[in-house]
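Chain residues, written in single-letter form:
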Amino acid sequence: MGNILDIIRNVKDVTKTGGAIGNLTEAAKNAKGLNIKQIIDDAIEKIGHANILIAGKTGVGKSTLINAVFKGNLAETGVGYSVTQHMKEYSKSGEPVHIFDTKGFELGNYKEVVKELKGEIERRKNSGDASTHIHLAWFCISNDGKRLEHAESEFIEELSKEVPVVVVLTKTVDTNMEFYNIVKNECRAATNVIRVLAQAYETPIGTIPPFGLEELIDHTYEIVPDVAKAALAAAQKVNDKITKRAVDKVIATAATAAAAIGATPVPFSDAVLLAPVQIGMIASISKVMKIDTDKTFITTLVSSAAGVLGATMTGRAVARGLIKLIPEAGTIVGGTISAVTASIVTSGMGYAYYNAVKLVMASGQDLSAQNLADAFREQLKKTKLK
Ligand SMILES: Nc1nc2c(ncn2[C@@H]2O[C@H](COP(=O)(O)OP(=O)(O)OP(=O)(O)O)[C@@H](O)[C@H]2O)c(=O)[nH]1
Ligand SMILES: [Mg+2]
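Counting restarts for each chain, with residues numbered from 1 along the sequence as it is written. Lettering of chains starts at A and numbering of ligands starts at 1, both following the order in which they are written. Predicted model: local features are reported for residues with pLDDT of at least 70 only, side-chain atom pairs are reported and counted for 80 or more only, and whole-chain, interface and lining totals are derived from all residues.

## Examining the site of ligand 1
Moving on, step 1. Residues are classed as near a molecule or strand if the C-beta position derived from their backbone is within 6 Å of it. Close to ligand 1 lie 14 residues, the nearest being Gly61, Lys62, Ser63, Thr64 and Gln199.
Moving on, step 2. Considering each element in turn, the shell around ligand 1 owes the most residues, 3 residues, to helix H4 (residues 62-69).
Moving on, step 3. Residue composition of the shell around ligand 1, grouped by class: 4 nonpolar, 7 polar and 3 charged. Runs of E in the DSSP output that reach at least two residues are strands. Runs of H or I that reach at least four are helices, and both are numbered from the N terminus. Basically, the charged four are Asp, Glu, Lys and Arg, the nonpolar ten are Ala, Val, Leu, Ile, Met, Phe, Trp, Tyr, Cys and Pro, and anything else, Gly included, counts as polar.

Now the structure itself:
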């Protein structure tokens, strides 16, 4: 059931801050005539997108790396537009990552290029619109060249003053660590140096399979700011452990919000207060787990799992229907609920959904709303609250 102790610890923190509770209670009250589609939209929008800048000499494998790590063949089929003379932003509808691809590095005018990039990063930091902030940079150096130019180490050092920079050694097809050690030594401003092969490499005596991408995402997940973690997990396709960590975070956040609601003197009636938190949580987990997050899809999924259809489908009815499936929780609907119970029920529901998605994926069935709803029901019935 995840880290209940952490949740309870968080509950204590949240309950200290009257303001936060006030806001949540207000939101929950407003949820009486609850619009499920709005909740789902809000949850998805809150995940936002990770903004990653990518730099390095032409031909080192920047586009290949992007396409190998992220869903959606972004570097090939994404829509790009020029942000500055040397920077283009690529994005694709539904993919929670924006790539800032840069060029012009090899022209010998790297000082000018890095100044321009730093200025743009700074401008975004000060713009007040957090969704435009650059969260981190990958600087690519080809491992097969075995040469680190002064311009490269200088560029990395300068860029690091504005944003965390990870050095990616691309096209790595040997086990020799000599070049890695040189780069590590010369580029101390970088947060790490990671050797990768993004795409299988054919040699006369066989094929070298890709490697290093999982490690790159592990490290990247650690250093992007919290606001970008769920988006990064949702956008990448090479690291399942990160997906799980992002799901844990979504569930912990929802459980904390649920606890804050349970901590107010408002009587807990009909689960209406928890509905926005729980339905939002399910939408967010879906996004992080890369399943269809179309509003209609999620609405069908949760209402069908809850056994609520058509005219009776309100957020209140859905949350109530879902909670009632958890054997020990059925009785609290209509009664009163404590902060701790609210958080435990919410995290139980979150993990039931996570496990349901995993099971449907592993079974090879379609990830249809109906299959997910059935599996979710089964998992809720098995959920234990202690
Ligand atoms: N086998 C293999 N080939 C790679 C790898 N990375 C890059 N390449 C090849 O190297 C060439 C250049 O790769 P790109 O990804 O286009 O390089 P880039 O850095 O985006 O280049 P520019 O957009 O010109 O700056 C292509 O032919 C790729 O197929 C890799 O990991 N494995
Ligand atoms: Mg390219």
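That shown, we press on.
## Some thoughts on H4
Moving on, step 1. With C-beta atoms placed from the backbone, a residue is labelled by how many other C-beta atoms lie within 10 Å of its own: buried for 20 or more, exposed for 12 or fewer, partly exposed between the two. Those residues of H4 that fall on the buried side of the exposure criterion are Lys62, Leu65, Ile66 and Val69. All buried residues of H4 lie within an arc of 100° about the axis, which places them on one face of the element.
Moving on, step 2. Residues of H4 that are buried sit in contact with strand E1 (50-56), helix H5 (74-77), strand E4 (97-102), strand E5 (136-142), strand E6 (165-170) and helix H9 (213-223). What the arc measures is the spread of directions leading from the helix axis to the C-beta atoms. Distance between backbone-placed C-beta atoms decides contact: two residues are in contact if it is within 7 Å.

## Details of the pairing of strand E7 (residues 192-195)
Two faces make up the sheet, and in a regular strand the side chains alternate between them.
Moving on, step 1. Any two strands are treated as partners once DSSP identifies two or more bridges connecting them. In terms of strand pairing, E6 meets E7 through 4 bridges, oriented parallel. By the bridge assignment, leucine 169 is partnered in E7 with arginine 195.
Moving on, step 2. Place the viewer so that the strands point away; then a crossover is right-handed whenever the path from the first strand over the helix to the second strand goes clockwise. The handedness of the E6 to E7 crossover, carried by helix H8 (residues 178-186), is right-handed.

## Regarding the environment of leucine 380
Moving on, step 1. Its location among the elements puts leucine 380 in helix H16 (residues 369-382).
Moving on, step 2. Sequence separation between leucine 380 and proline 327 is 53 residues, and the spatial gap between their C-alpha atoms is 8.1 Å.
Moving on, step 3. Leucine 380 has contacts with Leu322, Leu325, Ile326, Met349 and Ala352, leaving out every residue within four places of it along the chain.

## Quick look at the nonpolar core
A general feature of soluble globular proteins is that nonpolar side chains tend to end up buried together.
Moving on, step 1. For this analysis, nonpolar core means a set of buried Ala, Val, Leu, Ile, Met, Phe, Trp, Tyr and Cys residues linked through C-beta atoms within 7 Å. With 121 residues, the main nonpolar core has Phe139, Val167, Val168, Ile279 and Val318 as its most contacted residues.
Moving on, step 2. Ranked by the residues each element gives to this core, the list is headed by helix H11 (residues 240-262), at 13 residues.
Moving on, step 3. An automatic or database domain assignment supplies the residue ranges for each domain. Looking at which domains feed residues into this core, each of domain 1 (4-33 + 242-382) and domain 2 (48-234) supplies at least three.
Moving on, step 4. Excluding its chain neighbours within four sequence positions, the residues that come into contact with phenylalanine 139 are Ala55, Gly56, Ile156, Val165, Val167 and Val168.

## Points about the sheet that holds E6
The strands making up a sheet associate through hydrogen bonds between their backbones, and the pairing can be parallel or antiparallel.
Moving on, step 1. With mixed pairing, 7 strands are arranged side by side in an open sheet as E2-E3-E4-E1-E5-E6-E7. Lying at the two open borders of the sheet, with one neighbouring strand each, are strand E2 (79-84) and E7. Strand after strand, the sheet turns through a mean of 25° between neighbouring axes, direction not considered.
Moving on, step 2. Geometry is summarised by axes, namely lines fitted to C-alpha atoms with helices restricted to the contacting stretch, and by angles between N-to-C directions that run from 0 to 180 degrees. Taken strand by strand, helix H6 (residues 110-125) contacts E2, strand E3 (87-91) and E4, and its axis lies near 100° from that of E2.

## Comments concerning the packing of H6 against helix H7 (residues 150-159)
Moving on, step 1. It is at 10 Å that the axes of H6 and H7 come closest, and there the two elements cross at 20°. One way to sum up the angle between H6 and H7 is to call them roughly parallel. The element H6 and its partner H7 pack so that their crossing is right-handed. Across the interface between the two elements, Tyr110, Val114, Leu117 and Lys118 of H6 pack against Ala151, Glu154, Phe155, Glu158 and Leu159 of H7.
Moving on, step 2. Its residues assigned to classes, the contact of H6 with H7 shows 6 nonpolar, no polar and 3 charged. If an angle is under 35 degrees, it is roughly parallel; if it is over 145, roughly antiparallel; if it lies from 65 to 115, roughly perpendicular; otherwise it is oblique. Left-handed describes a crossing whose near helix is turned anticlockwise from the far helix by less than a right angle; the clockwise case is right-handed.

## Overview of H7
Moving on, step 1. Turning to H7, its buried residues number three or more, namely Glu152, Ser153, Phe155, Ile156 and Leu159. Projected onto a plane normal to the axis of H7, the buried residues spread over an arc of 160° and lie on a single side.
Moving on, step 2. Those residues of H7 that are buried are in contact with H6, E5, E6 and H8.

## Considerations on the confidence of the model for the chain
Moving on, step 1. When pLDDT is averaged along the chain, the result is 88; 87% of the residues meet or exceed 70.
Moving on, step 2. Per residue, pLDDT captures the predictor's confidence, and it can take any value from 0 to 100. Overall, residues 1-26 carries pLDDT values under 50, and its contacts beyond four positions in sequence, including any with other chains, amount to 41 contacts.

## With respect to the pairing of E6
Moving on, step 1. Counting buried residues along E6, 6 of its 6 residues qualify, which places the element largely inside the surrounding structure.
Moving on, step 2. Both faces of E6 are covered, namely the face carrying Val165, Val167 and Leu169 and the face carrying Val166, Val168 and Thr170.
Moving on, step 3. Relative to E6, E5 runs parallel, the two sharing 6 bridges. Bridge pairing in E6 links cysteine 140 to valine 168.
Moving on, step 4. Handedness of the E5-H7-E6 crossover: right-handed.

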